[in-house]
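Chains, contacts and geometry: an overview
This is what each chain is made of:
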Amino acid sequence: VLGIVVTWVFEPALNSDRSSLSRGEKSFRSSKPNSNETQIVLESFPSFGDKASKVLSIIVPAYNEQERFPIMMNDTIEFFSAKCQSDVMFSFEIVVVDDGSTDETGEIVMKYVRKYGSDVVRLLTLNKNQGKGAAIRKGMMVGRGEYLLMADADGATNIQDFDKLYTSLKNMLQEKGSQSQSEIEQLGAAFGSRAHLKEGSVAKRAFYRTVLMYGMHLCVSVLCTTEIKDTQCGFKLFTRQAALSLFPQMHLERWGFDIELVQLSQYLKVTISEVSVDWHEVEGSKLITSKIDVLTASIIMFRDMLCVRLCFLLGLWDVETLEAIILKQS
């Protein structure tokens, strides 16, 4: 029985796949803006560790999001296009990671690629469903931005709150720069937080979702950290150095990847600021659709948190420097 329990606890670590992009995932379909061309032209994604060529990369993991994705995409492009018009130094790209969707998500993304061009919108198609954590990890590794933002395809977080995260991150880096001139100055992140919505959400959410919320916060406090109030918000901004240091070392691909991300950030001394964001619940969740799902999800999340904690505590997972990671990927 003990052996079964131990195997179950460490299952996420045993089944993790930290491989880089497969051959079919290393290219994207290229297109010029407003293109009607039917011929498929493939271009290679940038190599890991290349210098930034954009100010911002928005990484959007998507799995069967044909219904919710267009709304989020339209808002995002409109917001950042306006930024480009008001600031000629600003540039952005959106990297959508299709995580093995079985609906029309990929083709919908390609409509945006053909409309805006592949310099603005790029589609990374995974060869099979690998999980949100894996999708974000691979998306981060092909992003060209000085800063990299992960954002959910459902648009639950107001995209305009990017400004809050960006300002907080820039201020934090400036404060660190005044104290030290080492490389760690550039290891920073800003996490969107829904903690301020906690009391209001109790009244608006279904009872079982409230139970999940409180249970999650308790597990995080006990097994992970008390400094970050909301580890699960899918709206997080990283400096390029932080993203390149963190995501290649990620192991978990599904439920627990946010927890591992926080733990790894602490080991690498990535300074994190937590910023309140405007968030609303969007119907169509692929994970929580019933009361049974709440119980199952709670158990799995607890297991993943325990796995992460033990793997770092027992030294089963090594933590490498950015230089070592780049050398290994090259």
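Residues numbered from 1 in each chain as written. Predicted model: local features only at pLDDT ≥ 70, side-chain atom pairs only at ≥ 80, totals over all residues. Heavy atoms only, no water.

**So, the environment of Lys128**
We apply this condition: Only runs of H or I of at least four residues qualify as helices and only runs of E of at least two qualify as strands under DSSP, and these elements are numbered from the N terminus. For every residue, the accessible area (1.4 Å probe, protein chains only) is compared with the maximum for its type, and the residue is labelled buried under 20%, exposed over 50%, or partly exposed between those bounds.
Relative to the elements of secondary structure, Lys128 occurs in the loop between strand S5 (121-125) and helix H5 (132-142). With a relative accessible area of 55%, Lys128 lands in the exposed category. In sequence terms Lys128 and Thr102 are 26 residues apart; their C-alpha atoms lie 9.7 Å from each other.

**Here's the deal with the nonpolar core**
Keep this limit in mind: Only buried residues count toward a nonpolar core, which is a set of Ala, Val, Leu, Ile, Met, Phe, Trp, Tyr and Cys residues joined through side-chain atoms within 4.5 Å. Residue contacts follow a heavy-atom distance rule, with two residues in contact if any of their heavy atoms lie within 4.5 Å.
Met140, Phe238, Leu246 and Phe247 are the most contacted members of the largest nonpolar core, which has 43 residues in total. Mapped by element, the contributors of at least two residues to this core are strand S4 (92-98), H5, strand S6 (145-150), strand S7 (188-193), helix H9 (240-246), helix H10 (257-267) and helix H11 (291-313). Element by element, the count of residues in this core is highest for H11, at seven residues. Beyond its immediate chain neighbours, meaning those up to four positions away, Met140 contacts Ile59, Leu148, Leu149, Met150, Phe238, Ala243 and Phe247. Listed in part, the 39 residues of the second largest apolar core include Met73, Phe79, Val96 and Ala151.

**Re the packing of helix H3 (residues 69-86) against helix H4 (residues 105-116)**
To keep it simple, the criterion reads: Lines fitted to C-alpha atoms define the axes here, with helix axes fitted over just the stretch in contact, and angles between the N-to-C directions of these axes take values from 0 to 180 degrees. An angle below 35 degrees is read as roughly parallel, one above 145 as roughly antiparallel, one from 65 to 115 as roughly perpendicular, and any other as oblique. We call a crossing left-handed when the near helix sits turned anticlockwise from the far one by less than a right angle, and right-handed when that turn is clockwise. Following the grouping adopted for this structure description, the nonpolar residues are Ala, Val, Leu, Ile, Met, Phe, Trp, Tyr, Cys and Pro, the charged ones are Asp, Glu, Lys and Arg, and the polar ones are all others, Gly among them.
In contact at an axis separation of 11 Å, H3 and H4 are set at 25° when each is read in the N-to-C sense. The angle between H3 and H4 falls in the class roughly parallel. For the crossing formed where H3 meets H4, the hand is right-handed. Contacts from Phe69, Pro70, Met73, Asn74 and Ile77 of H3 reach H4 at Ile108, Val109, Tyr112 and Tyr116. When its residues are assigned to classes, the contact of H3 with H4 shows eight nonpolar, one polar and no charged.

**Some thoughts on the state of the cysteines**
Where we set the bar: Note on disulfides: each one is a pair of cysteine sulfur atoms within 2.5 Å.
Applying the stated criterion across every chain, the model contains zero disulfides. No disulfide involves Cys307; its nearest neighbouring cysteine sulfur is the one of Cys311, lying 4.0 Å away. The buried category is assigned to Cys307, whose relative accessible area is 0%.

**Observations regarding the sheet that holds strand S8 (residues 236-239)**
This is how it is decided: The criterion for strand pairing is that DSSP finds at least two bridges linking the strands in question.
In space, the seven strands of this open sheet follow the order S5-S4-S3-S6-S8-S7-S9, with mixed pairing throughout. The sheet is open, and its two edges are formed by S5 and strand S9 (271-276), each paired on a single side. Looking at each pair of strands side by side, their axes are set apart by 20° on average, direction ignored. Where S7 and S8 come together, three bridges link them in antiparallel fashion. Each residue of the ladder has a partner; that of Phe191, found in S8, is Lys236.

**Focus: the confidence of the model for the protein**
Put simply, the rule is: Each residue carries a pLDDT value, the predictor's own confidence for that position, ranging from 0 to 100.
Of the residues in the protein, 84% have a pLDDT of 70 or more, and the chain-wide mean is 84. The secondary-structure element of the protein with the lowest mean pLDDT is helix H7 (residues 198-204), recorded at 48, while S4 shows the highest, at 98.

**Section: unusual backbone geometry**
Despite not being glycine, Asn64 has its phi angle at roughly 50°, a positive value. Inspection of the secondary structure assignment puts Asn64 in the loop between strand S3 (54-62) and H3. Here Asn64 falls in the buried class, since its relative accessible area comes to 19%. Phi is positive for Lys269, close to 60°, though the residue is something other than glycine. Tracing the backbone through its elements, the reader meets Lys269 in the loop between H10 and S9. On the basis of relative accessible area, Lys269 is assigned to the exposed category, the value being 57%.

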